[in-house]
Amino acid sequence: MKDTSISTLRPRTSSASRRVIFQAIASALMFAPFVAGAAEWPAEKVIKIVIPFSAGGATDLLGRALAVELGKNLKQTVIVDNKPGAGGGIGAQSVANSTADGYTLLLASGSMFTVNQFIYKKLGYSLASFEPVAKVASGPMVVTVNADLPVKNTRELIAYVKAKSATVDFASAGVGSQTHMAGEAFGDAADIQISHVPYKGEGPAYADLMAGVVQMAVANINAISPLLKGGRVKALSVTGKERSPLLPSVPTTAEDGLPGFEYTGWFALLAPAGTPKPVVDRLLAGVNDAVTQPSMKRYLADQGMYASVVASTQLKQEIGTESAKWKLLVEKKKIDAN
C-alpha cells in the first residue's frame, strides 16, 4: 500500500533551490533596515547642503535661504557647507562619494552639469553620479562694468571693446561657471574680444571689479546688487527676456544693443545616485513647499530670481539640451580648465 502521509506528500527542495531561497531571505534582511531608514528620514541627523563655491556668491546665498525653509518643512536642522574649487567640482565630487541616504545634498549651478564635462579632462563626477531632486530657482544676469569705464550702456561697451586700443577683462566665479559662460556668450554674440579672469567665487571677483582690477562682469543679480548701490559698479543691462523687478530702470541686453541675446542662470538640488526614491520625493515636496513660502518668495524677488521648480526627469532633459549648446561654444572659444 502506497504511503500517503504528510511527509511523503511534501515536495522535495533541491540544494540549489535552498541556496536561492536563503540568499533571497538574507538580501531581504539586509535591505530591511535601509528601507526602514528611508521611511524614517529625516529623523536621524542633520541634513547638509554642500555649496561648491565660496561664501557670498549666488549659489551660497540661495543655499542658505533654501536651508532655512527646508529645515522648517522637514522639521530637521539643515546646514550649508562651502566646498569651493575646480568650478564646483570639489564640492560635487564630495557629495557624489557620500552615502546615498539623503543627509548630504548638493546645490549646483547649471553650468556644473552643462559645461564642466567639456572643459575638464578628469571631472570626478557626472550627472550619473547624482539623483537630481529639482531645479530650484532661475534668474537673469546683469552686464556690469567698473564705474571708471567710460561707457553708459551696452551699445557703448561693445563699441569701446571694438576700439583697437581697448583691453577689457571680465571677472567670473571660475572657469566654466555661469558667470564665465555668460561672459563668453555675451562676447560671442557681440563679436568682441574680452579676456576672462577667473576667481574662486563671486565674492573676490566682484571685489576686484569694484576696485578696477578687472573692468567687467556678467554677474548674478543677487550677488552683485549690493555693490551697485555703492556707485563703484554700473549695471548696463539685464540678460533676461524682460527687465528685472529688482533693477527696473536697467534695460534688457536685447533692448540695449544686442538684439536676440538672452542668458538665464539656474540652480538645482541633487542627491547622490542611489538615494531612495521616497527620500527624493520627500525632498522634492520640501523644495516645492519652500519656494511657495512668503519669506522665500520675497527673498527670490529681492535677489532678482524666481522659483522654477522642475523635477528629475524634465531636469535631465533640459540638461541634455543645454549641454549640446554649450559644447559648441566651448569648442569655438577653446575653453579649457585643465
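Please refer to the structure placed before this passage.
Below you will find a few notes about this structure. (Residues numbered from 1 in each chain as written. Predicted model: local features only at pLDDT ≥ 70, side-chain atom pairs only at ≥ 80, totals over all residues. Heavy atoms only, no water.)

### Focus: the overall build of the protein
Each helix and strand in the protein was counted, giving 13 helices and 10 strands. Within the protein, the proportion of its 338 residues that are buried is 51%. Nonlocal contacts in the protein, meaning residues at least 24 apart in sequence, comprise 77% of its contacts between residues at least 6 apart. Total accessible area on the protein is roughly 15800 Å²; 56% of this is exposed by carbon and sulfur atoms. (Helix = DSSP H or I, 4+ residues; strand = E, 2+ residues; numbered from the N terminus. Buried < 20%, exposed > 50% of the residue type's maximum accessible area, 1.4 Å probe, protein only. Contact = heavy atoms within 4.5 Å. Areas by Shrake-Rupley, 256 points an atom, 1.4 Å probe, with all protein chains shown as cover.)

### Here we look at the packing of aromatic side chains
Counted according to the given criterion, the structure contains 6 aromatic pairs. An angle of 90° between the planes, with centres 5.5 Å apart, marks the rings of F113 and F130 as edge-to-face. Placement of the pair is F113 in helix α5 (residues 111-114) and F130 in strand β4 (residues 130-146), with a sequence separation of 17 residues. Owing to a relative accessible area of 7%, F113 belongs among the buried residues under this scheme. One aromatic cluster in this structure is built from F113, Y125 and F130. The residue whose ring lies beneath K135 is W266, and the NZ or CZ to ring-centre distance is 5.3 Å. (Phe/Tyr/Trp six-rings, centres within 6.5 Å; stacked < 30°, edge-to-face > 60°. Lys NZ or Arg CZ within 6 Å of the ring centre and 35° of its normal.)

### Structural notes on helix α13 (residues 312-333)
Taking 1.5 Å of rise per residue, 22 residues should cover 32 Å, and α13 covers 31 Å from first to last C-alpha, within 8% of that figure. Among all positions in α13, only S312, L315, I319, S323, W326, L329 and V330 are buried. Just past α13, the residue K334 takes up positive phi, approximately 55°. (Expected span 1.5 Å × (residues − 1).)

### As for the environment of G88
Relative to the helices and strands, G88 resides in the loop between β2 (78-82) and α4 (89-96). Given the relative accessible area of 1%, G88 is considered buried. Remark: the alpha-carbon pair of G88 and G174, spanning 86 residues in sequence, is separated by 8.6 Å.

### A look at the pattern of salt bridges
Inspection of the entire model under this criterion finds 12 salt bridges. Of the charged contacts in the structure, one is a salt bridge between K45 and D101, with a shortest N-O distance of 3.8 Å. Here the residue K45 occupies a position in the loop between α2 (15-40) and β1 (47-51), and D101 occupies one in the loop between α4 and β3 (104-109), the gap between them amounting to 56 residues. The class for K45 is partly exposed, based on a relative accessible area of 41%. Of the charged contacts in the structure, one is a salt bridge between D81 and K48, with a shortest N-O distance of 3.8 Å. Placement of D81 in strand β2 and of K48 in strand β1 is noted, with a sequence separation of 33 residues between them. (Salt bridge = Lys/Arg side-chain N within 4 Å of Asp/Glu carboxyl O.)

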